[in-house]
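# Analysis of the macromolecular model
The primary structure of each chain is shown beneath.
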There are 2 protein chains.
Amino acid sequence: MSAKGPVVLVRKETTPDDIHGMDVAKGILTAVGGLTSHAAVVARGMGRPCVVGASSISVDEAKKLATILFEGKKLTLKEGDWVSIDGTLGEVYLGQCKTNEPDPKSHDFAMFMNWADEFRGKFGVRANADIPRDAKQARVFGAEGIGLCRTEHMFFAEDRIPHMQAMILARDEKTRKKALQKLLPMQRKDFAGLFQAMDGFPVVIRTLDPPLHEFLPKRENVMVDIAKLPHAGSKEKKQMAATYGVGAGELKKYLPELLHRVEELHEFNPMLGHRGCRLGITYPEVTEMQARAIFEAAVLVAKKGVKVIPEVMIPLVGDVKELENQKAIVVKVAEEVLSAANLKNLKYYVGTMIEIPRAAMTADEIAREAEFFSFGTNDLTQTTMGLSRDDYTKFSKQYEALKIFKADPFAVLDQHGVGKVVEHAVKLGRKTRPDLEIGICGEHGGEPSSVEFCYRTGMDYVSCSPYRVPIARLAAAQAAIADQSKAEVQRTA
Amino acid sequence: MSAKGPVVLVRKETTPDDIHGMDVAKGILTAVGGLTSHAAVVARGMGRPCVVGASSISVDEAKKLATILFEGKKLTLKEGDWVSIDGTLGEVYLGQCKTNEPDPKSHDFAMFMNWADEFRGKFGVRANADIPRDAKQARVFGAEGIGLCRTEHMFFAEDRIPHMQAMILARDEKTRKKALQKLLPMQRKDFAGLFQAMDGFPVVIRTLDPPLHEFLPKRENVMVDIAKLPHAGSKEKKQMAATYGVGAGELKKYLPELLHRVEELHEFNPMLGHRGCRLGITYPEVTEMQARAIFEAAVLVAKKGVKVIPEVMIPLVGDVKELENQKAIVVKVAEEVLSAANLKNLKYYVGTMIEIPRAAMTADEIAREAEFFSFGTNDLTQTTMGLSRDDYTKFSKQYEALKIFKADPFAVLDQHGVGKVVEHAVKLGRKTRPDLEIGICGEHGGEPSSVEFCYRTGMDYVSCSPYRVPIARLAAAQAAIADQSKAEVQRTA
């Protein structure tokens, strides 16, 4: 909450637009949300202390004030006031508490983790990391590769989102390709940073996944601004114009056009809409640009003598034909770029997320094309349970109180339901391709009971946010020990 | 398009609010949409000729004008002009064409259907019908029961929606129960009409399914009206007030309150949100009211000497505990109402929709509680494929052109993917309860290749809109013949 010095971001709830605010904050505090809310998930990924669902706080973001009801009294926090938070206990303190930075390079920590790794054996632990800085952090915590790089997170940066929007607003392929050309060098640079940081470990890069309207202003906001515009004063108009990045005089023409495109992209259930490989199939030039950025980056880094292992991952595949379509684009670009660089021997892999039930039910066919599977258990939980992660909070308290769900299924993998789908897919996939590399990259990859499930199911690795890598390493060791003890009990019986 | 005489409803697209306009129309014509758009699905259910996706038409609903681009010329249709449509060919004619009413009671038709029924044998054909009139129509077409009554369709009627809204806007259980009390006699009357019409055949009644915000004004419209209100003239205010059913003077206070509740109910992915049995679990008084209406209606009709077979169906179950919870409410009310009426021998059934993959994966457990399964293949297709029916149209053309999907999976059951989930559930369900009654009530129940699949999978019946019942009877006969021929080939081989 301080304007100078360390900042705690205080919000009712966070949205993808807040990513940069969260990035510069030392901690995050929200009034609503649970363990798997946007704030919690992103903060966990960034290793930021975070307290969510502090429901006694009301936040007035315009006035930069937070009001807290505490023992019947109303306290007010303003920008510049000190507040301290404990993300583990979920506590908030007024004033400045003394804090210690954890040290993953300390001798004690390293010794303990080495003990765990001895038992963990071949079972891998990778990290989900989108930018080179996170990848470096992941290595510090012992990650053996990147299990998920969400390329779209790169597009939300301030210098990139205008090009992304231009790409989306383009009415024809030529204009779209022009906008993509601006994004190519930025993606290439990021990928090069990831390959460099991973120095010989594999890097799984997922092609564009979210629906395009996530990159545009919200439909209802544009509608409200259109309703307000005829009555707006010049100051208001100026503010509006700044929001949209156009001149105040252009608003009258620009807003209805923008609304039209936003309406076209509007979806009733975006989670089940035009996203994932469906984007790459309808706009092949997007997949092509991303493949080019990946392999040009691989060439750059390989030429420095660093071993590079790119794994290109196609999201939201439900039918092998979708993967065939996208794989053809990736392979074509890869061969072209690698030939030109005389690096034809550079080995790369093309695989897929398994995140919708149809993919699991037809995993034997998908494994014909896929060189690896990665379970996207966030979406697989949403589709298998017919349950939206963002909407579940509406009735989660009652469901957990009535013990209908033992735990939040987005935090702890629902082994009894979603787990059955995972097991089915592993079985079918390995039937077609016995050496199929299989991992998990959903939030569950860092949750101990879910890690144990992945071990038991015969996966090769789990991938989780960098700060959860030590937990996953430990959980995997525990799973290995439990498995050995079981085997011994059976031998002696 | 005529103000007097037969009306053709012309719209850009239809929404659930149009249900009564569609009901009084002789035909429906829309500018956008496909085979499974709202207009097409509802018109099919009502047996109305319907042409959707006539993209050369622009509709100005406020001015009651439709403009048609035809061979480079712009034609204008206004209210009162004649237009004729052919729903089978998808053709639109200016002017009045001569039409013939089909006669399902004719001798030729009856003879043909009897031939089909001889082969069909025990495999049943039921109809989806929400109101007594549709149930009677279904009987005329030979339906042997109702496979799906969507109780929420009854709530959209003009005299009912205010009570439904009062129920939703209620802040406490007492106010909510008061509103429900007003709905009870209306539901009872409808159910009595269904039992009466079905005269000894079973009637499957589904408890409340859609998310509650479907019954409230749209969020973005309320937001825009709030933005407009300070600048609105008295005429505009009056119009607004009429829309919301409050006085013009109340708008200033009412709109923000309404928005607040609409915001609370707003969902990111309503299809995967707070709906189905999740509503009945968080608001048990709703299930209780509906069960009471069902069994009081059953008593009323049974006392007239008509055989009544109620089957109460709980939607969106994913875990047996959800069904246990709702079944307990239904059974308690049933025992109470039937005892009081000295009708303890009246046999009723409690079962569930199978419409999310988790239910299929745990169907053995669910069959412990469920006395019947009915596959809701619309939602099961959405969840298994991770594909929203309403949003699929955004990329359906490309997907079908690239042959990624052989056909629209919402029109023709995806046997290769969704079908595997169905087969799995049938196998597990019958393992627990060998005599489990199994049917289908999704749109696919009236599509020939899907009917054949249901026959092969060992289901007991299909259920479809009344006007598709003859098609389903014929398709079932063809499936039976194909099955016999196969058996004979195997015997002689």
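What counts, and where the lines are drawn
- Residues numbered from 1 in each chain as written.
- Chains lettered and ligands numbered in written order.
- Predicted model: local features only at pLDDT ≥ 70, side-chain atom pairs only at ≥ 80, totals over all residues.
- Heavy atoms only, no water.
- Helix = DSSP H or I, 4+ residues; strand = E, 2+ residues; numbered from the N terminus.
- Contact = heavy atoms within 4.5 Å.
- Buried area = accessible area lost by both parts, 1.4 Å probe.
- Salt bridge = Lys/Arg side-chain N within 4 Å of Asp/Glu carboxyl O.
- Polar contact = N/O pair within 3.5 Å; in protein donor to acceptor, adjacent residues only side chain to side chain.
- Nonpolar A, V, L, I, M, F, W, Y, C, P; charged D, E, K, R; others polar.
- Buried < 20%, exposed > 50% of the residue type's maximum accessible area, 1.4 Å probe, protein only.
- Arc of directions from axis to C-beta.
- Pairing = 2+ DSSP bridges.
- Axes fitted to C-alpha atoms, helices over the stretch in contact; angles between N-to-C directions.
- Least-squares fit on C-alpha atoms with pLDDT ≥ 70 in both.
- Parallel < 35°, antiparallel > 145°, perpendicular 65-115°, else oblique.
- Left-handed = near helix turned anticlockwise from the far one by under 90°.
- Patch = residues over 30% accessible without salt bridge, like charges linked within 9 Å, V, L, I, M, F, W, Y side chains within 5 Å.
- Areas by Shrake-Rupley, 256 points an atom, 1.4 Å probe, with all protein chains shown as cover.
- Phe/Tyr/Trp six-rings, centres within 6.5 Å; stacked < 30°, edge-to-face > 60°.
- Lys NZ or Arg CZ within 6 Å of the ring centre and 35° of its normal.
- pLDDT = per-residue confidence, 0-100.

## Some thoughts on unusual backbone geometry
All names here are of chain B. Of note in this structure, Glu-71 is not a glycine but carries a positive phi near 45°. Mapped onto the elements, Glu-71 comes out in the loop between β5 (65–70) and β6 (73–78). A positive phi angle, near 55°, is found at Asn-342, a position not held by glycine.

## Points about the interface of chain B and chain A
If you look at the interface, chain B gives 54 residues, while chain A gives 54 residues. Of the roughly 4900 Å² buried at the junction of chain B and chain A (both faces included), carbon and sulfur atoms supply 60%. Contact with chain A buries area across many residues of chain B, yet Leu-272, Arg-358 and Met-361 of chain B alone supply 13% of it, more than any other trio. The interface formed by chain B and chain A contains 4 salt bridges. Here Arg-219 of chain B and Glu-220 of chain A are joined by a salt bridge, their closest N and O atoms 2.8 Å apart. Remark: the boundary between chain B and chain A carries 28 residue pairs in polar contact (both at pLDDT 80 or more). Ranked by the residues each element gives to the side of chain B that touches chain A, the list is headed by helix α7 (residues 219–228) of chain B, at 7 residues. Here the residues of the side of chain B that touches chain A are counted per class, giving 20 nonpolar, 17 polar and 17 charged.

## Some remarks on helix α8 (residues 234–244) of chain B
Each α-helix turn comprises 3.6 residues. Residues three or four places apart therefore point the same way. Residue and element names in this part refer to chain B. What α8 keeps buried is the set Met-240, Ala-241 and Tyr-244. Projection of α8 onto a plane perpendicular to its axis shows the buried side chains occupying an angular sector of 100°, all on one side. Of the exposed residues in α8, the ones pointing more than 90 degrees away from its buried face are Lys-235, Lys-238, Gln-239, Ala-242 and Thr-243. Against the buried residues of α8 lie α7 and α9 (251–265). Downstream of α8 by a residue or two, Gly-245 has a phi angle that is positive, lying close to 70°.

## Things to note about the pairing of strand β10 (residues 146–150) of chain A
All names here are of chain A. Summarising burial for β10: 4 of the 5 residues are buried, a large majority. Direction of pairing for β10 relative to strand β11 (residues 202–206): parallel, over a ladder of 3 bridges. Bridge pairing in β11 places Cys-149 opposite Ile-205.

## Brief notes about the sheet that holds strand β11 (residues 202–206) of chain B
All names here are of chain B. Taken in spatial order, the 8 strands close into a barrel running β9-β10-β11-β12-β13-β14-β15-β16, and their pairing is parallel. Geometrically, the sheet is characterised by an average inter-axis angle of 25° between neighbouring strands, direction not taken into account. Sheet topology places strand β14 (residues 372–375) next to strand β15 (residues 437–440); 4 bridges connect them, and they run parallel. For Phe-373, the partnering residue across the bridge sits in β15 and is Ile-438.

## A closer look at the sheet that holds β11 of chain A
Residue and element names in this part refer to chain A. Strand order in the closed barrel formed by 8 strands is β9-β10-β11-β12-β13-β14-β15-β16, and the pairing between neighbours is parallel. Strand-to-strand, the axes of this sheet are offset by a mean angle of 25°, without reference to chain direction. Sheet topology places β11 next to strand β12 (residues 309–314); 5 bridges connect them, and they run parallel. Pairing of Pro-202 across the sheet is with Ile-309, part of β12. Where helix α12 (residues 320–340) meets the sheet, its contacts fall on β12 and β13 (349–354), and the angle it forms with β13 comes to roughly 150°.

## Considerations on the relation of the copies chain B and chain A
Each of the two copies of the chain can be brought onto the other by a rotation about an axis and a shift along it. By a simple turn and slide, chain B fits onto chain A: the slide is 0.0 Å along the axis, the RMSD is 0.1 Å, and the turn is 180°. On this basis, the relationship between the two copies can be described by a two-fold rotation axis. Every residue of chain B has its C-alpha some distance from the rotation axis, and the shortest such distance is that of Asn-269 of chain B, at 2.2 Å. A shared interface surface links the copies, since 100% of the contact residues of chain B are contact residues in chain A too.

## Re the pairing of strand β8 (residues 91–94) of chain B
Residue and element names in this part refer to chain B. Of the strand pairs in this sheet, strand β7 (residues 83–86) and β8 are connected by 4 bridges, and their pairing is antiparallel. If you follow Ile-85 over to β8, its bridge partner there is Val-92. Where β7 hands over to β8, the hairpin turn is made up of 4 residues, of which Gly-90 adopts a positive phi near 75°.

## Section: the packing of helix α5 (residues 161–169) of chain B against helix α6 (residues 173–198) of chain B
All names here are of chain B. α6 packs onto α5 with a crossing angle of 155° between their chain directions and a minimal axis gap of 8 Å. When the interaxial angle is binned, α5 and α6 end up roughly antiparallel. The element α5 and its partner α6 pack so that their crossing is left-handed. From α5, His-163, Met-164, Ala-166 and Met-167 reach across to α6, where they touch Arg-176, Ala-179, Leu-180, Lys-182, Leu-183 and Met-186. Among the residues making up the contact of α5 with α6, the classes are represented as 7 nonpolar, 1 polar and 2 charged.

## A word on a nonpolar patch on the surface
A cluster of nonpolar side chains, namely Met-111, Phe-112 and Trp-115 of chain A, defines an oily patch on the protein surface of about 310 Å² accessible area. Take Trp-115 of chain A: it is sitting in helix α3 (residues 107–120).

## Some remarks on the packing of aromatic side chains
In this structure the tally under the stated criterion is 24 aromatic pairs over all chains. Here the aromatic rings of Tyr-399 of chain A and Phe-405 of chain A are separated by 5.1 Å at their centres, their planes lie at 65°, and the arrangement is edge-to-face. Of the two residues examined, Tyr-399 of chain A and Phe-405 of chain A, each falls in the buried class. On the basis of an interplanar angle of 70° and a centroid distance of 6.4 Å, the ring pair of Phe-112 of chain B and Trp-115 of chain B is categorised as edge-to-face. Residue Phe-112 of chain B and its partner Trp-115 of chain B are both found in helix α3 (residues 107–120); the two are separated by 3 residues, about one turn of the helix. When its relative accessible area of 39% is taken as the criterion, Phe-112 of chain B is described as partly exposed. Three or more aromatic residues joined by ring pairs make a cluster, and in this case those are Tyr-392, Phe-395, Tyr-399, Phe-405 and Phe-410 of chain A. A cation sits over an aromatic face here: Lys-347 of chain A above Tyr-349 of chain A, 4.8 Å from the ring centre.

## A closer look at the confidence of the model for chain A
Residues at a pLDDT of 70 or more form 99% of chain A, whose mean pLDDT is 92. Under the prediction, the complex receives an ipTM of 0.89, its pTM being 0.90.

## Some remarks on the packing of helix α4 (residues 132–140) of chain B against α6 of chain B
Residue and element names in this part refer to chain B. Contact geometry for α4 and α6: axes closest at 8 Å, N-to-C directions at 10°. The angle between the axes of α4 and α6 places the two elements in the roughly parallel class. Residue-level inspection shows Pro-132, Ala-135, Lys-136, Ala-138 and Arg-139 of α4 in contact with α6, the latter providing Asp-190, Gly-193, Leu-194, Ala-197 and Met-198. Here the residues of the contact of α4 with α6 sort into 6 nonpolar, 1 polar and 3 charged.

## Points about the side chain of Ser-450 of chain B
All names here are of chain B. Following the sequence through the fold, Ser-450 ends up in helix α19 (residues 448–457). Owing to a relative accessible area of 0%, Ser-450 belongs among the buried residues under this scheme. Every residue in contact with Ser-450, bar those within four places of it in the chain, is listed here: Ala-411, Val-412, Leu-413 and His-444.

## Description of the pattern of salt bridges
Here the structure, examined in full by the defined rule, presents 75 salt bridges over all chains. Where Glu-443 of chain B meets Arg-44 of chain B, a salt bridge forms, and the shortest distance between an N and an O atom there is 2.7 Å. Taken together, the residues Glu-443 of chain B in the loop between β15 and α19 and Arg-44 of chain B in helix α2 (residues 38–46) connect sequence positions 399 residues apart. With its nearest N and O atoms 3.1 Å apart, the salt bridge here joins Arg-120 of chain B to Glu-144 of chain B. Note that Arg-120 of chain B is positioned in helix α3 and Glu-144 of chain B in the loop between α4 and β10 (146–150), a separation of 24 residues in sequence. Given a relative accessible area of 3%, Arg-120 of chain B falls into the buried group. Here the residues in one salt-bridge network are Glu-152, Arg-206, Asp-209, Arg-275 and Asp-379 of chain A, joined through shared partners.

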